[in-house]
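Below, each chain spelled out in residue letters.
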Amino acid sequence: MKKLPVVDNKETEDFSFKSLADFARPIYMDNNATTQVDDDAILAMLAAMEKNYANPSGMHEAGKIAKQKVEEAREDVANFIGCSAKEVIFTSGGTESINAVISSVIKTGYPRRNIISCATEHGATLNKLREIEEKWNIKYDISYLGVDRSGSFSLEELESILVKNPHHNLLVSLMAANNETGTIHYNLFQAVHLAHKYGALFHVDAVQIAGKLPLAPYIQAGVDFLTISGHKFHSPKGVGALFIRDGVPFEPSILGGYQENGRRAGTENVPGIVALGAIAKKMPQYYDLVDGLHGQFIEMLSKRIPSCIINGGGVPGTINVGFKYVHREAMVAKLSQYDLYASVGSACARGIEPSHVLAAMKVPQEYLHGSVRFSFSKYTTDEEVVRAIDIIDRAYTEVRYYSKEIIPG
Ligand code: PLP
């Protein structure tokens, strides 16, 4: 299947003699933003588009076959999550699933009105909660847990909020792993227990852990809702899933037909759904793949640029590097010139405002604006890691040279 074009694969021993052309083969290290679609996922999609294009609600044979394909994919996704098929609904992705959970609990949980989340959540959670805080007539009490330098919240703070008024607790919504730093909320399992103890439902945004680590422990811990997004682990964009625990009340946000058992209306995205099913079946075999590369990248980078720091961390293949006294956008642009595609962290982190995640983690000022995320996938290679370090070293030297007058240090 199609790969990024190989323009030039020349390697030289001595870094100082490298020219722009030596860096000409693109290295994609922005996999937390989105991933290359897997070959089997593409084949499944093509088959669905060519052969199973009927509407799964159709009463004819073709409709029944399309419906069967959707149900087979639901089984595969359920196995991947570690739940039963009837607990899975297909959505358009992470943002929709998160919005659907929050909107649903508001409808089903009235008059409960305390919601707890975290300062470092994704915009899909934060902006939905902001809307409820600012635009709804009923007053909702929304609290955001702080984090320490590693990006972790504390169970004590969570309990201190939950204990205040258990009759009003509605929802605790926390991410399993952070999209910008890869920090894993290891204490999330105890957080589920606390939420239930004080009467709240629990939603986990598992978008950045799905495809990288097993999801079953979250289901076993008792979460009520769990969100995943296909395009973060080699499915196409526009497909995701939401786990809704059997028996937990749920009101749909999208109304229309009776698709997804009345929980999400709209004709099913059959090609996307079968692609998600195809990758869900094979993804667990890649869980450990990027672990070695991750360590190698950090070791080589800290030798080459000892002044840089690693912000957070935990998920294999997500490395947020703080470069001293430079601006992240200048770094990402320079890296891109040398065909290394990295990221400022998240779409919200554009412009002069620092990333809300790094600010919450109290990353020191000299690194706060200069932090760049490198994220790997099953397609990342050893050779790319080695080449990336050369490029980063060169880019940092150049960006630092030009920014010295603006940011002395
Ligand atoms: N949650 C997290 C942690 C994410 O990283 C993202 C996407 O970056 C989302 C939610 C939103 O997912 P989607 O892009 O599928 O809407």
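Quick note: structure is the one above.
1. Concerning the site of the ligand
Thinking step 1. Neighbouring residues of the ligand: 13 residues in total, closest Gly94, Thr95, Asp205, Ser229 and Lys232.
Thinking step 2. Contact between the ligand and Thr95: an oxygen atom at 2.6 Å from a side-chain N or O atom of the residue.
Thinking step 3. The separation between an oxygen atom of the ligand and a polar side-chain atom of His231 is 2.9 Å.
Thinking step 4. Coverage of the ligand by the protein amounts to 86% of the 390 Å² it exposes when considered alone.
Thinking step 5. Take the shell around the ligand: its biggest share by element is three residues, from helix H3 (residues 94-108).
Thinking step 6. A per-class count over the shell around the ligand returns three nonpolar, eight polar and two charged.

2. Digging into the sheet that holds strand S7 (residues 225-229)
Thinking step 1. The mixed open sheet is built from seven strands, whose spatial order is S2-S8-S7-S6-S5-S3-S4. Every interior strand has two partners, whereas the edge strands, strand S2 (88-91) and strand S4 (141-145), have only one. Pairwise comparison of adjacent strand axes, ignoring direction, gives a mean angle of 20° for this sheet.
Thinking step 2. Here three bridges tie strand S6 (residues 201-205) to S7, and the two strands are oriented parallel to one another.

3. Brief notes about the environment of Leu174
Thinking step 1. Locating Leu174 in the fold gives a position in strand S5 (residues 169-175).
Thinking step 2. The spatial distance from the C-alpha of Leu174 to the C-alpha of Val363 is 21 Å, given a sequence separation of 189 residues.
Thinking step 3. Setting aside residues no more than four positions away along its own chain, Leu174 makes contact with Ser117, Cys118, Glu121, Leu145, Phe153, Leu188, Ala191, Phe202, His203, Val204 and Asp205.

4. Quick notes on unusual backbone geometry
Thinking step 1. Here the residue pair Tyr110 and Pro111 is connected by a cis peptide bond, since its omega of 5° sits within 30 degrees of zero.
Thinking step 2. Here Pro111 lies in the loop between H3 and strand S3 (114-118).
Thinking step 3. Unusually for a residue other than glycine, Glu260 sits at a positive phi of about 50°.
Thinking step 4. In this structure Glu260 comes out as buried when scored by relative accessible area, which is 7%.

5. Concerning the sheet that holds strand S9 (residues 309-311)
Thinking step 1. Pairing is antiparallel across the open sheet formed by three strands, whose spatial order is S9-S10-S12. The sheet is open, and its two edges are formed by S9 and strand S12 (371-375), each paired on a single side. Within the sheet, the average angular offset between the axes of one strand and its neighbour, ignoring direction, is 35°.
Thinking step 2. Inspection of the sheet shows S9 paired to strand S10 (residues 318-322) by three bridges, in the antiparallel sense. The partner of Ile309 across the bridge, within S10, is Gly322.

6. A look at empty space enclosed by the protein
Thinking step 1. Under the criterion given, the structure shown has three cavities of 30 Å³ or more.
Thinking step 2. Here the largest cavity is characterised by a volume of approximately 160 Å³.
Thinking step 3. Considering the residues around the largest cavity, the lining is formed by 17 residues, among which Gly211, Lys212, Phe376, Ser377 and Lys378 are closest to the centre.
Thinking step 4. In terms of residue class, the lining of the largest cavity is built from eight nonpolar, six polar and three charged.
Thinking step 5. What the second largest cavity holds in volume is close to 40 Å³.
Thinking step 6. Thr91, Glu96, Ala100, Phe250, Ser253, Ile254, Arg263 and Arg264 are the residues that line the second largest cavity.

7. Observations concerning the packing of helix H5 (residues 155-162) against helix H6 (residues 188-197)
Thinking step 1. In contact at an axis separation of 10 Å, H5 and H6 are set at 10° when each is read in the N-to-C sense. With respect to H6, the element H5 is oriented roughly parallel. Of the residues in H6, those in contact with Leu155, Leu158, Glu159 and Leu162 of H5 are Gln190, Ala191, Leu194, Ala195 and Lys197.
Thinking step 2. The residue inventory of the contact of H5 with H6, partitioned by class, reads six nonpolar, one polar and two charged.

8. Some details on H3
Thinking step 1. Its 15 residues place the ends of H3 21 Å apart at the C-alpha level, agreeing with the 21 Å of an ideal helix rising 1.5 Å per residue.
Thinking step 2. H3 sits mainly inside the fold: eleven of its 15 residues count as buried.

9. Quick notes on the pattern of salt bridges
Thinking step 1. Scanning all chains against the criterion turns up 17 salt bridges.
Thinking step 2. When the shortest N-O distance is used, the salt bridge between Glu71 and Arg74 registers 2.8 Å. Separated by three residues within a single helix, Glu71 and Arg74 lie in helix H2 (residues 61-81), roughly one turn from each other.
Thinking step 3. When the shortest N-O distance is used, the salt bridge between Glu96 and Arg264 registers 2.7 Å.

10. Things to note about the nonpolar core
Thinking step 1. With 64 residues, the main nonpolar core has Phe80, Ile81, Phe202, Leu226 and Ile228 as its most contacted residues.
Thinking step 2. Beyond its immediate chain neighbours, meaning those up to four positions away, Ile81 contacts Val88, Leu215, Ala216, Ile219, Leu226, Ile228 and Phe243.
Thinking step 3. The next biggest cluster of nonpolar side chains, apart from the first, holds 30 residues, and it includes Ile305, Leu335, Ala342 and Val399.

11. A short note on the packing of aromatic side chains
Thinking step 1. Counted according to the given criterion, the structure contains eight aromatic pairs.
Thinking step 2. Measuring from ring centre to ring centre gives 6.5 Å for Phe225 and Phe250, while their planes differ by 50°; the resulting arrangement is tilted. In this pair, Phe225 is assigned in strand S7 and Phe250 in the loop between strand S8 (240-244) and helix H8 (259-262), connecting sequence segments 25 residues apart.
Thinking step 3. For Phe225, a relative accessible area of 0% translates into the label buried.
Thinking step 4. Plain terms: the ring middles of Phe297 and Phe374 are 5.3 Å apart, the flat faces sit at 45° to each other, and that makes the pair tilted.

Parameters and conventions
- Residues numbered from 1 in each chain as written.
- Predicted model: local features only at pLDDT ≥ 70, side-chain atom pairs only at ≥ 80, totals over all residues.
- Heavy atoms only, no water.
- Near = heavy atom within 4 Å.
- Polar contact = N/O pair within 3.5 Å; in protein donor to acceptor, adjacent residues only side chain to side chain.
- Areas by Shrake-Rupley, 256 points an atom, 1.4 Å probe, with all protein chains shown as cover.
- Helix = DSSP H or I, 4+ residues; strand = E, 2+ residues; numbered from the N terminus.
- Nonpolar A, V, L, I, M, F, W, Y, C, P; charged D, E, K, R; others polar.
- Pairing = 2+ DSSP bridges.
- Axes fitted to C-alpha atoms, helices over the stretch in contact; angles between N-to-C directions.
- Contact = heavy atoms within 4.5 Å.
- Buried < 20%, exposed > 50% of the residue type's maximum accessible area, 1.4 Å probe, protein only.
- 1 Å grid on protein atoms, 1.4 Å probe; cavity = no way out; pocket = protein on both sides within 12 Å on 5 of 7 lines; lining within 4 Å.
- Points joined across faces, edges and corners; volume = space filled by probe spheres on them.
- Parallel < 35°, antiparallel > 145°, perpendicular 65-115°, else oblique.
- Expected span 1.5 Å × (residues − 1).
- Salt bridge = Lys/Arg side-chain N within 4 Å of Asp/Glu carboxyl O.
- Core = buried A, V, L, I, M, F, W, Y, C linked by side-chain atoms within 4.5 Å.
- Phe/Tyr/Trp six-rings, centres within 6.5 Å; stacked < 30°, edge-to-face > 60°.

Honestly, that's just the spatial picture; any functional story needs more than this.
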